[in-house]
Amino acid sequence: MLELRHFRFLNPEWFRKPQSKLEATLRIPLVTKEIGILALTRVFPLIAIFSLTIRFLITFPIIPIVLGVFLYILFELWVLERWYKNNLLPYHIKNIDFVNKMEIPVDSNALIGNIEKSIRMSAYGIVRIGYVGLASWGWEMLFKFIYPLIARDKEYIYSDLLIGMPNKVLEFNQTLWEVANETDNSKKVMMYQSFLDKFGSVVDDMDLSFRTFREKPNAIKILLDLNKDTIEPDIDHQKTLNRYQSTLNSVKLIIPFPFFINLVNKVRANVVLREDRRFYEFVMDYKIRVMILELGKRKNIAESELFNKSWEELKK
Amino acid sequence: MKQIKGLSGSRGLVTGKAKVILDIENLKKFEKGDILITVSTSPQWTPIIRFASAIVTDIGGSLSHAAIISREFGIPAVVGTQEATKLIKDGQKVTVNGTAGVVEIL
């Protein structure tokens, strides 16, 4: 059976904990199916188009395929960021809203239907957002390789150029800080709820058995306490931005600066994308967990047992 | 003095008190300025990284979440040590050399 650990080569920071039976039988089969669909509808056709085009120019059997794969990688590096922003993310946000607005029906069969529908949407988003993530990772790898070749000074500080971007992480910290430092209690309650709605569904790993951030109130309370009477994250960010500007001003290059800045901007946009997508990728997990926990309650199954059951067992 | 080797996640040198936190739910023992020792980080960890003086992780490379975020906050990070959470104990004084990718238990 396909397990999360089989995906660890993609990102060793994830898929490190043992996979629950429910995740393995409910979402993983759909994730696998979506990977297949993506390969058949996007990856293979693109490679085929590039390879066949080159085949008209080069008749040697292997070279067109190798060049086709290479061109496919370049093409995807170039277009995926735009595809993510213009198509995938708006579509996924619509799906997130749809799932978040789902009611918990009294009829258990309808509840099961809602869980299955939201899992399908979740799997669709996870696979495609993950695929875009590979391209954004590729941009940083490319920059890491290219920077020493185009920089005159050999102090390789490529990563100092990849800081100070406005991103969801900063927004997350700023919103948390604002909640922590709000003195009007009634306003604070509203701000806290809004913070949870916006950022509370981030997860630690891909498994429905793991609690989302908003389900860890003790941790959030400690974080709020730590944020009290501290410097505003936005002010800290300005310092980071200054660090970036001073690095950018000091780089000595063997290529014209306009080419370089275009490259830097493209890499920076992809680094932001890679981190920001975490705030969308698994955001349905909280609502899905709420629905699964409700189903478990109706069937008198404790939370500790619930995720050790297969979806078929739970549906019975 | 024991040395743990990893990868450079974010440059810089810091000496401080280590706190081994395997789950964000065990944040109680963490104090501002502590060196965060953990398996790996995810967006859930972002708010705590802001208050750490350095990060050491078992898993991850120079493009990992811990590396990106620590660079953003300008704190040293050593990532991919494989065993930092096992070798370092709570409260131990450690030096994190993010430039060399080395952690020293003092």
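Not measured: the values here are computed from a predicted model.

(A) Molecular detail of the sheet that holds strand S1 (residues 2-5) of chain B. All names here are of chain B. Read from one edge of the open sheet, 8 strands run S1-S8-S7-S3-S4-S5-S6-S2, paired in mixed fashion. Strands with a single pairing partner mark the edges of an open sheet, and in this sheet they are S1 and strand S2 (7-10). Averaged over all adjacent pairs, the angle separating strand axes in this sheet is 30 degrees, with direction ignored. The pairing of strand S3 (residues 13-20) with strand S4 (residues 35-38) spans 3 bridges and is classified as parallel. Bridging across to S4, Lys 19 finds its partner in Leu 36. Lying on the sheet, helix H2 (residues 65-73) is in contact with S2, strand S5 (54-57) and strand S6 (77-79); it crosses S2 at an angle near 45 degrees.

(B) Region of the structure containing the UniProt feature "transmembrane region" (unreviewed entry) in chain A. All names here are of chain A. Here the UniProt feature "transmembrane region" (unreviewed entry) sits at residues 35-54 and 60-80. The straight-line gap between the two end C-alpha atoms of residues 35-54 is 27 Å; of that span, 100% is helix and 0% is strand. Taken end to end, residues 60-80 comprises 86% helix and 0% strand; its first and last C-alpha atoms sit 30 Å apart.

(C) Inspection of helix H11 (residues 285-298) of chain A at higher detail. Residues and elements named next belong to chain A. For H11, built from 14 residues, the straight-helix expectation of 20 Å at 1.5 Å per residue is met to within 8% by its first-to-last C-alpha distance of 20 Å. For H11, the set of buried residues is Asp 285, Lys 287, Ile 288, Arg 289, Met 291, Ile 292, Leu 295 and Gly 296. Its buried side turned inward, H11 meets helix H1 (21-26), helix H3 (63-100), helix H4 (108-150), helix H12 (303-306) and helix H13 (311-315). Remark: Asn 300 follows H11 within two positions and exhibits a positive phi of approximately 55 degrees.

(D) Spatial organisation of the interface of chain B and chain A. With 33 residues of chain B at the interface, the matching set in chain A holds 50 residues. Summing the contributions of chain B and of chain A, the shared interface buries around 3,300 Å²; its carbon and sulfur component is 55%. Summed over the three residues of chain B that lose the most area to chain A, namely B:Gln44, B:Leu63 and B:Glu72, the buried surface amounts to 21% of that side. There are 4 salt bridges connecting chain B and chain A.

(E) Focus on the pairing of S5(B). All names here are of chain B. Where burial is concerned, the two faces of S5 agree: the one with Ala 54 and Val 56 and the one with Ile 55 and Thr 57 are both buried. Note that S4 and S5 share 4 bridges and pair parallel. Looking at S5, one finds that Ile 37 is bridged to Val 56. Bridge count between S5 and S6: 2 bridges; the pairing is parallel. The residue of S6 that forms the bridge with Ile 55 is Ala 77. In this view, the connection linking S5 to its parallel neighbour S6 by way of H2 has right-handed handedness.

Reading the values: rules and limits
- Positions within a chain are numbered from 1, following the residues in the order the chain's sequence is written.
- Chains and ligands are labelled by the order in which they are written, letters from A for the one and numbers from 1 for the other.
- Local features are withheld for residues below a pLDDT of 70 in this predicted model, meaning they are given only at 70 or higher, and side-chain atom pairs are given and counted only at 80 or more; totals for whole chains, interfaces and linings count all residues.
- Side-chain numbers come from the whole structure's heavy atoms, not from hydrogens or water.
- Any two strands with at least two DSSP bridges between them are considered paired.
- A run of DSSP states H or I qualifies as a helix once it reaches four residues; a run of E qualifies as a strand once it reaches two. Both are numbered from the N-terminal end.
- In this analysis, axes come from line fits to C-alpha atoms, helices being fitted only over the stretch in contact, and the angle between any two N-to-C directions falls in the range 0 to 180 degrees.
- For this analysis, residues touch if any pair of their heavy atoms sits within 4.5 Å.
- UniProt positions are given in the numbering used here, feature names are shortened, and annotations may be inferred rather than shown by experiment.
- A helix is expected to reach a length of 1.5 Å times the quantity of its residues less one.
- Whether a residue is buried, partly exposed or exposed follows from its accessible area with a 1.4 Å probe, protein chains only, as a fraction of its type maximum: under 20%, in between, or over 50%, in that order.
- What counts as buried area is the accessible surface, traced by a 1.4 Å probe, that two parts surrender upon association, with contributions from both included.
- A pair is scored as a salt bridge if a Lys or Arg side-chain nitrogen falls within 4 Å of a carboxyl oxygen belonging to Asp or Glu.
- By convention, a crossover is right-handed whenever its connection, traced from the first strand over the helix to the second and viewed with the strands pointing away, goes clockwise.

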